[in-house]
Amino acid sequence: MGVERQGYEGALGRRHVLRGGAAMAALGGLSACAGGRVASAPGPVNGPMVSAGNRPHLVPMRVSPDQLIDMKCCIRPLRAAGPNLGTQMVGDTLVVHNYGHGGSGWSLSWGSAEVAVGKALSVLPSEIAVVGCGIIGLTSAVVAQRAGLKVTIYARDIIQRTRTFRASGSFTPDSRVCLSEPAGPGFGDLWEQMARLSWKGFRSMLGLPGEPVVFADSYNVSDVPIVKHVEHPDPAIKGAWQPGGLPLQNSEFGKYGDRIKDIVPQSQPLSAEENPFAMPYATRVSQMHFNFPSYAHLLLTEFFQRGGLFVERDFNDPSQYGQLREKVVINATGYAARDLWRDNTVIPVRGQTGWLVPQREANYSVRFKNAMLMSKADGVVLMNNPVELGEMFGVGDSMELPDKGPLLEVLKIMEPVMAGLARRA
Amino acid sequence: MRAWVLGAAALGLGLAAAQGSAAGPATGAATGTGAGVYTEAQAAEGAAIFAERCAMCHGKQAEGTWEVPALKGRFMANWGHGTLAALSDYLARAMPQFAPGTLSQEDNVRLVAFLLKTNGHRAGAKPLSADHAALAGITLDAVPAGAVK
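Residues numbered from 1 in each chain as written. Chains lettered and ligands numbered in written order. Predicted model: local features only at pLDDT ≥ 70, side-chain atom pairs only at ≥ 80, totals over all residues. Heavy atoms only, no water.

1. Quick look at the overall build of chain B
Step number 1: For chain B, the helix and strand inventory stands at eight helices and two strands.
Step number 2: Traced from its N-terminal end to its C-terminal end, chain B shows the element sequence α-α-β-α-α-α-α-α-α-β.
Step number 3: The burial tally for chain B puts 44% of its 149 residues in the buried class.
Step number 4: A total of about 6,900 Å² of accessible surface is found on chain B, and carbon and sulfur atoms cover 62% of it. (Helix = DSSP H or I, 4+ residues; strand = E, 2+ residues; numbered from the N terminus. Buried < 20%, exposed > 50% of the residue type's maximum accessible area, 1.4 Å probe, protein only. Areas by Shrake-Rupley, 256 points an atom, 1.4 Å probe, with all protein chains shown as cover.)

This is how it looks when you write it as structure tokens:
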């Protein structure tokens, strides 16, 4: 309930600013409910109902192709067994791995860093190296510094040019994080530990200048009733992932979100009175997302203020880790680990985003059919992810060039949604 | 500078026949790329392969993008002082990223020749061998300051 309240008040808050105090007064009364109420939709959370003319007001996003300023494509490093947090010796150097987080690298970054740095600390080093400067590497470096270590990052790119910056940037801690069978029953506990710790890490960054971490309302709208999708194995598909291969269907992916639903807002159906869209069905969830530029700035600032060193270099063989001055190395090389560490258990999962000119006045996300718009400080993210393909979309695809067609399609799909909002405004 | 380029191109015409046999195995005394370890013809063939298989990501001039590494300039910082075997092995394992392992070793070596030329390493009279031991005996030297354009 508290979750729903948060999202509801967020939307009201903006309307209140826009339309003044009269909006609050209009919350009283009105029992008329237009058709299209989602089954079992709860009433408004704070007692009074909202009149049809005073439903939460959302500014329509401009969804014209001239607003498209960027396209990004990246590969999620999925490992069937989940992220590699193992250790190995290279000569006399301890390498602690921290890579292969699939579509959950951002979301698990603090917790995963805690695990990796903990292992590094166990040999009582005074200094360590981190290889890689994506979100996993940089967070690991900062966590190690907070633990009192001197840290040097060796990487071919600084975070702004890594795959990290080509994510969409919302809290999705079990997106392509593993396949449940090969990950085994023990992985859920590790995942939960990392997810909960990460959540606390992000909470500690809310409200900071530049808004590195924010919550915003995310809507799912539909012209047919919205039902929660549950993955069942398709009996027509024989077999499953084998070492060196790919998953064959969605039900193979590990899903652990229910473990943390006590703290993470869950999707709520909206009554017709609460639904700001001219669509019969809608749900809303308060979604955490990350604003890449300010987040990276914040982490880099802390890293350098704590005396961190950054060395731009590439590695082409694991033996080079043994040649580093530091005798403890955290390996946070993401998808690059597939080649560098010859780890062919890393499965590429392609994803792409388009970016519209930032529209800060339209501070929400919306999904309709396969299309998703997410308004962030550095732009409105476009995604086109076929619902029926789910987690399998992009699996095995290592083509990292963006394809503009599906992104333009998002704009087309969203045109009527935004036109409907404009009519209601 | 132009003279040796033209001369080397002429000498490189016999490339196909010489491929794979020109350079012997590593002797332990490493050669540097400054000695002129590929031919112009190899680099030209490499350029054609590059245009077809690499340029869509790395750019027509190998200039790279914000996300994709340039294959000149900064490329030297990543690969300099390593061996050509390391570079060739990487191409064989990891490139092109959308279809790794689909280039023949001969084509990989032509790409290495193209990359050397692109980065200002001069061509020579002998083609670069596809032999791994031979490649392992050649170090990627820094580009002579006077050759940086």
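After presenting the structure, the write-up continues.
2. Thoughts on the sheet that holds strand 7 (residues 268-269) of chain A
Strand pairing in a sheet is mediated by backbone hydrogen bonds. Such pairs are either parallel or antiparallel.
Residues and elements named next belong to chain A.
Step number 1: Spatial strand order, 1-11-14-13-12-6-8-7: eight strands in an open sheet with mixed pairing. Each of the sheet's edge strands pairs with one partner strand only, and the pair in question is strand 1 (68-79) and strand 7.
Step number 2: Note that strand 13 (residues 371-376) and strand 14 (residues 379-384) share six bridges and pair antiparallel. In the sheet register, Met374 faces strand 14, and the bridge partner there is Val381.
Step number 3: Along the sheet face, helix 9 (residues 404-424) touches strand 1, strand 6 (213-222), strand 11 (346-356), strand 12 (364-368), strand 13 and strand 14 and points at about 105° away from the line of strand 12. (Pairing = 2+ DSSP bridges. Contact = heavy atoms within 4.5 Å. Axes fitted to C-alpha atoms, helices over the stretch in contact; angles between N-to-C directions.)

3. A closer look at the sheet that holds strand 5 (residues 150-155) of chain A
Residue and element names in this part refer to chain A.
Step number 1: Strand order in this open sheet of six strands is 2-3-10-4-5-9, and the pairing throughout is mixed. Strands at the two margins of the open sheet, each flanked by one partner only, are strand 2 (87-90) and strand 9 (309-312). The mean inter-strand angle of the sheet, taken between neighbouring strand axes irrespective of direction, is 25°.
Step number 2: Looking at chain direction, strand 2 and strand 3 (residues 93-97) are connected through four bridges and run antiparallel. For Thr87, the partnering residue across the bridge sits in strand 3 and is Val96.
Step number 3: Across the face of the sheet, helix 3 (residues 105-121) comes into contact with strand 2, strand 3 and strand 10 (328-331) while running at roughly 165° to strand 3.

4. Some points on the pattern of salt bridges
Step number 1: Evaluated as defined, the whole model comprises 25 salt bridges over all chains.
Step number 2: We note a salt bridge from Arg196 of chain A to Asp262 of chain A, for which the minimum N-O separation is 2.9 Å. Of this pair, Arg196 of chain A sits in helix 6 (residues 187-203) while Asp262 of chain A sits in the loop between strand 6 and strand 7, and the two are 66 residues apart along the sequence.
Step number 3: Here Glu312 of chain A and Arg74 of chain B are joined by a salt bridge, their closest N and O atoms 3.1 Å apart. Of this pair, Glu312 of chain A sits in strand 9 while Arg74 of chain B is found in helix 5 (residues 74-79), placing the two residues in two different chains. (Salt bridge = Lys/Arg side-chain N within 4 Å of Asp/Glu carboxyl O.)

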